Amino acid sequence: MSRIQTLPKHAVYEGNLVLVNARHPLHPGYHMSFAPVCGRSDMLLQRSAWVLLNALMDAIDGWGKIFPVSAWRSQQEQEAIWEHSIKDNGLDFTKRYVAQPGCSEHQTGLAIDLGLNSEHIDFIRPDFPDAGICAQFRKNAARYGFIERYPKGKETVTGIAHEPWHFRFVGTPHAQIMTQLELTLEEYIAFLHTYSPSHPYRLVFGTNNLTLFYLPAEEQADTPFPFGSRQCHTVSGDNCGGFIVTQWEISR
Ligand SMILES: [Zn+2]
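What counts, and where the lines are drawn
- Residues numbered from 1 in each chain as written.
- Predicted model: local features only at pLDDT ≥ 70, side-chain atom pairs only at ≥ 80, totals over all residues.
- Pairing = 2+ DSSP bridges.
- Helix = DSSP H or I, 4+ residues; strand = E, 2+ residues; numbered from the N terminus.
- Axes fitted to C-alpha atoms, helices over the stretch in contact; angles between N-to-C directions.
- Domains from an automatic or database assignment.
- Contact = placed C-beta atoms within 7 Å.
- Nonpolar A, V, L, I, M, F, W, Y, C, P; charged D, E, K, R; others polar.
- Core = buried A, V, L, I, M, F, W, Y, C linked by C-beta atoms within 7 Å.
- Buried ≥ 20, exposed ≤ 12 C-beta atoms within 10 Å, placed from the backbone.

Colleague: Break down the sheet that holds strand 5 (residues 111-116) for me, citing the residues and quoting the values.
Modeller: One open sheet holds the four strands; their spatial order is 4-5-7-6, and the pairing between them is antiparallel. Single-partner strands in this sheet number two, and they are strand 4 (66-70) and strand 6 (146-150). Averaged over all pairs of adjacent strands, the angle between their axes in this sheet comes to 45°, without regard to strand direction. In this structure, strand 6 lies alongside strand 7 (residues 163-169), joined through four bridges in antiparallel fashion. Of the residues in strand 7, the one forming a bridge with Glu148 is Phe167.

The following block contains the structure:
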């Protein structure tokens, strides 16, 4: 008999797959578990994102050649960036490259802007070319759970201009699936919303069989979660009213 657990209401707003954009602001109760990037107290990420970013950088010997430009931002910092950018660059530019305060992925601690290390680094639009060490980073990013969040050609979907320097941690297997299917986070969440516990998205991932599905959150109460007797699973809120469940079938 499987024990019925519940998913608390606030869990909708937590997890590696939270979608934060102009239509889905970050929830005020969002919880951060801070880790300093390269030991810097002024550069913070969610712990899980930092651990995997560092592993990726170690694998390609990237630190020193790639520079962390901007990671977690508080509401106040995002407001200051927004206002300075309007003053320096005008509203049109700012709307294309800077997310409105409350709607920036940087406030989740799951996103980081990276730049090729050089004497002059542009704080808003750092150089991250598709060559050399930056190309190597991009090639390996998905394996460590990172995606290029604002790709070229998807500007109308994301609402943000092409930003080759902005990477978002979503974890595995999601980064690999999104990269393979060429889906932005907006499109991936919409894609998973079409799958349910009785009609899940199935895939073979390495040597494992995986199923993914969407579980809408109860409106007024915690959401029952009657799964997990034969599988291991991870659950992430989507910040859009529900949960994305990933189940690994345990092979005998
Ligand atoms: Zn960014």
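Now that the structure has been shown, the text picks up again.
Colleague: Any chance you could break down the domain arrangement of the protein for me, citing the residues and the numbers?
Modeller: We note that the domain assignment places domain 1 (1-17 + 172-252) and domain 2 (25-169) within the protein. Taking the mean C-alpha position of each, domain 1 and domain 2 sit 25 Å from one another. Contact residues are listed per partner, giving 14 residues for domain 1 and 17 residues for domain 2. Counting residues per element, the ones that place at least two in the side of domain 1 that touches domain 2 are helix 6 (174-181) and helix 7 (185-192). Considering each element in turn, the side of domain 1 that touches domain 2 owes the most residues, four residues, to helix 6. Taken together, the residues that form the side of domain 1 that touches domain 2 break down as four nonpolar, seven polar and three charged.

Colleague: Let's hear about the nonpolar core: which residues, and what values?
Modeller: Counting residues in hydrophobic clusters, the biggest one holds 53 residues, and the most contacted among them are Leu45, Leu53, Ala141, Phe146 and Ile147. The element that contributes the greatest number of residues to this core is helix 1 (residues 47-60), accounting for six residues. When we break this core down by domain, the ones giving at least three residues each are domain 1 (1-17 + 172-252) and domain 2 (25-169). Filtering out sequence-adjacent residues up to four positions away, Ala141 remains in contact with Leu56, Phe146, Ile147 and Phe167. Grouped together as the second largest cluster of nonpolar side chains are five residues, Ile81, Val98, Ala99 and Tyr150 included.

Colleague: Mind laying out the sheet that holds strand 11 (residues 231-237), listing which residues take part and the relevant values?
Modeller: Here four strands make up an open sheet; going across it, the order is 8-9-12-11 and the pairing antiparallel. At either end of the open sheet lies a strand with only one pairing partner, and these are strand 8 (201-205) and strand 11. Across the sheet, the mean angle from the axis of one strand to that of its neighbour is 25°, orientation sign disregarded. Judged from the seven bridges that link them, strand 11 and strand 12 (residues 242-249) form a sheet pairing that is antiparallel. Residue His233 lies in a different strand from strand 12, and its bridge partner there is Gln247.

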